[in-house]
Amino acid sequence: MAEEAGLDLVEIQPDVRPPVCKIMDYGKYKYEQSKKKGGGSKAPEMKEVRLGRSAKIDEHDVEIRAKQARKFIMQGHKVMFVQRFRGREMAFQDIGLERLKEIAEGLSDIAKVETPPRQQGRQMSMIMSPDRPKVEAIKRREEADRKKAEADKGGGDADAAQQNAADEAAEVEETSNA
């Protein structure tokens, strides 16, 4: 019957009585299985964070971009920071270099500098990649804090909530100083 249809007779469950068999195109089945297996493991993307069109970017804007980069790094992506220089700003490249170093220092708790800041024409770039053990530790700590907060909500104790907030602030300060 399988030969007439030009398909294969595939034994699905050989250990049961009677054995379970299926008529299918085995080559197509193996191809689909490999596609499913390969689709799950996606390589981390390179995310680009531009620090404005020139070196004249406000500190608050830099903080916003650093927060966005932090989200990307926590998701496991690499981040490329790009600082562009226009006109006479080329004479003051040290401003852009200093800004990139500040960002690297601010994200050092979860990432490491893969490529240090370097000049490429009218732009300076730096690549940071996630420091996996640190990221996993932070994720575990956040999960524990979230579970602890949920447990405290059930009790409704205001003093315990204030103590938890103080504990979280202390932990955040410890991680930023480390």
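Residues numbered from 1 in each chain as written. Predicted model: local features only at pLDDT ≥ 70, side-chain atom pairs only at ≥ 80, totals over all residues. Heavy atoms only, no water.

A.B. asks: Provide a residue-level description of the environment of K56, including the pertinent values.
C.D. replies: Relative to the assigned elements, K56 resides in the loop between β3 (46-50) and α3 (59-74). Residue K56 is classed as exposed on the basis of its relative accessible area of 73%. A C-alpha to C-alpha distance of 8.8 Å links K56 and E89, two positions 33 residues apart in sequence. (Helix = DSSP H or I, 4+ residues; strand = E, 2+ residues; numbered from the N terminus. Buried < 20%, exposed > 50% of the residue type's maximum accessible area, 1.4 Å probe, protein only.)

A.B. asks: Requested: an account of a negative patch on the surface, with residues and values cited.
C.D. replies: Residues D58, E59, D61, E63, D94, E98, E102 and E105 make up a contiguous surface patch of negative charge. Elements that contribute at least two residues to the negative patch include exactly α3 and α4 (93-106). Considering every element that reaches the negative patch, the biggest residue donor is α4, with four residues. Positionally, E105 belongs in helix α4. (Patch = residues over 30% accessible without salt bridge, like charges linked within 9 Å, V, L, I, M, F, W, Y side chains within 5 Å. Areas by Shrake-Rupley, 256 points an atom, 1.4 Å probe, with all protein chains shown as cover. Salt bridge = Lys/Arg side-chain N within 4 Å of Asp/Glu carboxyl O. Lys, Arg positive; Asp, Glu negative; His and termini not counted. Charge placed at Lys NZ, Arg CZ, Asp CG, Glu CD.)

A.B. asks: Tell me what's going on with unusual backbone geometry, and back it up with residues and numbers.
C.D. replies: A cis amide bond links R17 with the next residue in sequence, P18, at an omega value of -10°. Turning to its location among the elements, P18 is positioned in the loop between β1 (8-13) and β2 (20-24).

A.B. asks: Let's hear about the sheet that holds strand β4 (residues 78-84): which residues, and what values?
C.D. replies: Strand order in the open sheet formed by four strands is β3-β4-β6-β5, with mixed pairing between adjacent strands. Two strands lie at the open edges of the sheet, namely β3 and β5 (111-120), each paired on one side alone. In this sheet, adjacent strand axes meet at a mean angle of 20° when their direction is disregarded. Note: β3 against β4, five bridges, orientation parallel. Bridge assignment links M46 to a residue of β4, and that residue is K78. Across the face of the sheet, α3 comes into contact with β3, β4, β5 and β6 (123-130) while running at roughly 175° to β3. (Pairing = 2+ DSSP bridges. Axes fitted to C-alpha atoms, helices over the stretch in contact; angles between N-to-C directions. Contact = heavy atoms within 4.5 Å.)

A.B. asks: Explain the pattern of salt bridges to me, using residue names and the numbers behind them.
C.D. replies: Applying the stated criterion across every chain, the model contains eight salt bridges. For K112, the salt bridge identified is with D131, shortest N-O distance 3.9 Å. Placement of the pair is K112 in strand β5 and D131 in the loop between β6 and α5 (132-155), with a sequence separation of 19 residues. Under the relative-accessibility criterion, K112 is labelled partly exposed at 43%. Shared partners join several salt bridges into a network, and the residues in it are K112, D131 and K134.

A.B. asks: Talk me through the packing of aromatic side chains; I want residue IDs and the actual numbers.
C.D. replies: In this structure the tally under the stated criterion is one aromatic pair. The interplanar angle of 35° and the centroid separation of 6.2 Å between the aromatic rings of Y26 and Y29 together place this pair among those described as tilted. With Y26 and Y29 both in helix α2 (residues 26-40) and three residues apart, this pair spans about one turn of that helix. (Phe/Tyr/Trp six-rings, centres within 6.5 Å; stacked < 30°, edge-to-face > 60°.)

A.B. asks: Can you break down the side chain of E89 residue by residue, with the values?
C.D. replies: Along the chain, E89 turns up in the loop between β4 and α4. Although E89 is buried, it makes no salt bridge; K56 carries the closest opposite charge, 4.4 Å away. Among all residues touching E89, those that are not within four sequence positions of it are S54, A55, K56 and R84.

Everything listed here is a matter of coordinates, which is why it stays silent on function.
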